[in-house]
Amino acid sequence: MERNLKDYREKELKMYVMGNILIILVGTGMIKDIALLMGEENLWKAMSELFESSVISTMVYIFSYTLDSILQGKVKDRLIWPLNGIPGKTIFTEIRKNNKDERFTTDIALKAYGDLYKKIDDEHCDEKREKIQNAFWYKLYQKYENQAQIYICQRDFLMFRDMTAMTLWIIIACIIMSKLTEIELPCKLRLYLCIELGVMWVAARVKGKRFAYNVIAKNLAEYEEKEYVLKADA
């Protein structure tokens, strides 16, 4: 499978930015001024012509691509998980403490990853424990990264993570625009952007955790299958 995890930049992310621009133009009343400049009395027709323009579409794509590229992946991950870090850093201790994934049991995980848990318990530095877990999880991920279930879930996580960062950029741009011009941002528009940021943030966290657990679930399913075959042959 040819991997292009960030192909959503060309479609979903661009349309997301365009949709937000449209909402901001309508919410601030700027769309009326644009329609007047275009010599179009019908606002909906003016908006349609504006966003169907290949020039505008290209500009929005370049704008979204550039802003998305400014922040490194680690910074975006910190934005989504500001306290505990990415799921891979704590996933194995979390499974042992309170496993909520119904696809495998804690006992199976403890049996399959016995050596790992011993290594974790022997290490008293929390930062090193996190590095041990994340490194082990990444090795498992490399085994299944091209499988559809893992690929799709990872893509969804990256998309929502980037949309969260993009929403933050949009909010910053709105604040700067409001300060540099006399355009006031209505309270409803501010509330909408804050809610949108929250929704994208939660979606990224959910998808990210699901992605991490999908790797474990896939690996443990294979482990159980091998155990079953060994018992059957015995």
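Attention in this report is confined to the structure presented alongside it. (Residues numbered from 1 in each chain as written. Predicted model: local features only at pLDDT ≥ 70, side-chain atom pairs only at ≥ 80, totals over all residues. Heavy atoms only, no water.)

1. Some remarks on the overall build of the chain
Consideration 1: Looking only at helices and strands, one finds 11 helices and zero strands in the chain.
Consideration 2: For the chain, the sequential pattern of α-helices and β-strands runs α-α-α-α-α-α-α-α-α-α-α.
Consideration 3: Taking all 234 residues of the chain together, 37% fall into the buried category.
Consideration 4: Long-range contacts, defined here as pairs at least 24 residues apart, represent 79% of the contacts in the chain between residues at least 6 apart. (Helix = DSSP H or I, 4+ residues; strand = E, 2+ residues; numbered from the N terminus. Buried < 20%, exposed > 50% of the residue type's maximum accessible area, 1.4 Å probe, protein only. Contact = heavy atoms within 4.5 Å.)

2. Let's talk about the packing of aromatic side chains
Consideration 1: By the definition in use, this model includes 10 aromatic pairs.
Consideration 2: Between Phe-92 and Tyr-113, the aromatic rings sit 5.3 Å apart at their centres with planes inclined by 80°, giving edge-to-face as the arrangement. Taken together, the residues span a long stretch of sequence, with Phe-92 in helix α6 (residues 91-98) and Tyr-113 in the loop between α7 (106-112) and α8 (114-122) at a distance of 21 residues. The exposure classification of Phe-92 matches that of Tyr-113, with both residues buried.
Consideration 3: On the numbers, 5.4 Å between centres and 90° between planes, the contact of Trp-137 with Phe-211 is edge-to-face. Here Phe-211 lies in helix α11 (residues 187-233) and Trp-137 lies in helix α9 (residues 126-144), a separation of 74 residues in the sequence.
Consideration 4: Through pairs of rings, three or more aromatic residues link up here, namely Trp-137, Tyr-138, Tyr-141 and Phe-211. (Phe/Tyr/Trp six-rings, centres within 6.5 Å; stacked < 30°, edge-to-face > 60°.)

3. Considerations on the packing of α8 against α9
Consideration 1: Their axes nearest at 9 Å, the elements α8 and α9 cross at an angle of 160°. As far as their axial angle goes, α9 and α8 are roughly antiparallel. Where α8 crosses over α9, the two elements pack in a sense that is right-handed. For the pair formed by α8 and α9, the contact residues are Leu-116, Lys-119, Ile-120 and Asp-121 on the first element and Arg-129, Ile-132, Gln-133 and Phe-136 on the second.
Consideration 2: Partitioning the contact of α8 with α9 into residue classes produces four nonpolar, one polar and three charged. (Axes fitted to C-alpha atoms, helices over the stretch in contact; angles between N-to-C directions. Parallel < 35°, antiparallel > 145°, perpendicular 65-115°, else oblique. Left-handed = near helix turned anticlockwise from the far one by under 90°. Nonpolar A, V, L, I, M, F, W, Y, C, P; charged D, E, K, R; others polar.)

4. So, the pattern of salt bridges
Consideration 1: On inspection of all chains with the given rule, the structure shows 16 salt bridges.
Consideration 2: A salt bridge links Glu-127 to Lys-131, with the nearest nitrogen and oxygen atoms 3.9 Å apart. Taken together, the residues Glu-127 and Lys-131, both in helix α9 and four residues apart, mark about one turn of the helix.
Consideration 3: The exposure class assigned to Lys-131 is exposed, which follows from its relative accessible area of 55%.
Consideration 4: By sharing partners, the salt bridges in this structure join Lys-6, Arg-9, Asp-68, Lys-76, Asp-77, Arg-161 and Asp-162 into a single network. (Salt bridge = Lys/Arg side-chain N within 4 Å of Asp/Glu carboxyl O.)

5. What to know about α9
Consideration 1: Here α9 spans 28 Å end to end across 19 residues, near enough to the 27 Å set by a 1.5 Å rise per residue.
Consideration 2: Turning to α9, its buried residues number three or more, namely Ile-132, Gln-133, Trp-137, Leu-140, Tyr-141 and Tyr-144. (Expected span 1.5 Å × (residues − 1).)

6. Focus: the packing of α6 against α8
Consideration 1: Orientation of α6 relative to α8, taken along the N-to-C sense of each, is 100°, at an axis distance of 11 Å. Taken together, the axes of α6 and α8 are roughly perpendicular relative to one another. In this structure, α6 contributes Phe-92, Thr-93, Ile-95 and Arg-96 to the contact, and α8 contributes Leu-116, Tyr-117, Ile-120 and Asp-121.
Consideration 2: Residues that form the contact of α6 with α8 fall into these classes: five nonpolar, one polar and two charged.

7. A few points about a nonpolar patch on the surface
Consideration 1: On the surface, Leu-168, Ile-172, Ile-176 and Leu-180 cluster together into a nonpolar patch covering about 370 Å² of accessible area.
Consideration 2: Its location among the elements puts Ile-172 in helix α10 (residues 148-180). (Patch = residues over 30% accessible without salt bridge, like charges linked within 9 Å, V, L, I, M, F, W, Y side chains within 5 Å. Areas by Shrake-Rupley, 256 points an atom, 1.4 Å probe, with all protein chains shown as cover.)

8. Focus: the side chain of Asp-68
Consideration 1: Along the chain, the position of Asp-68 falls in helix α4 (residues 54-70).
Consideration 2: A distance of 2.7 Å separates a polar atom in the side chain of Asp-68 from a polar atom in the side chain of Lys-76.
Consideration 3: With residues near it in sequence (within four places) discarded, Asp-68 still touches Lys-6, Arg-9, Leu-13, Lys-76, Asp-162 and Met-166. (Polar contact = N/O pair within 3.5 Å; in protein donor to acceptor, adjacent residues only side chain to side chain.)

9. Comments concerning the side chain of Lys-76
Consideration 1: Position of Lys-76 among the secondary structure elements: in helix α5 (residues 73-80).
Consideration 2: Residues contacting Lys-76, with those up to four places away along its chain left out, are Lys-6, Asp-68, Leu-71, Arg-161, Asp-162 and Ala-165.

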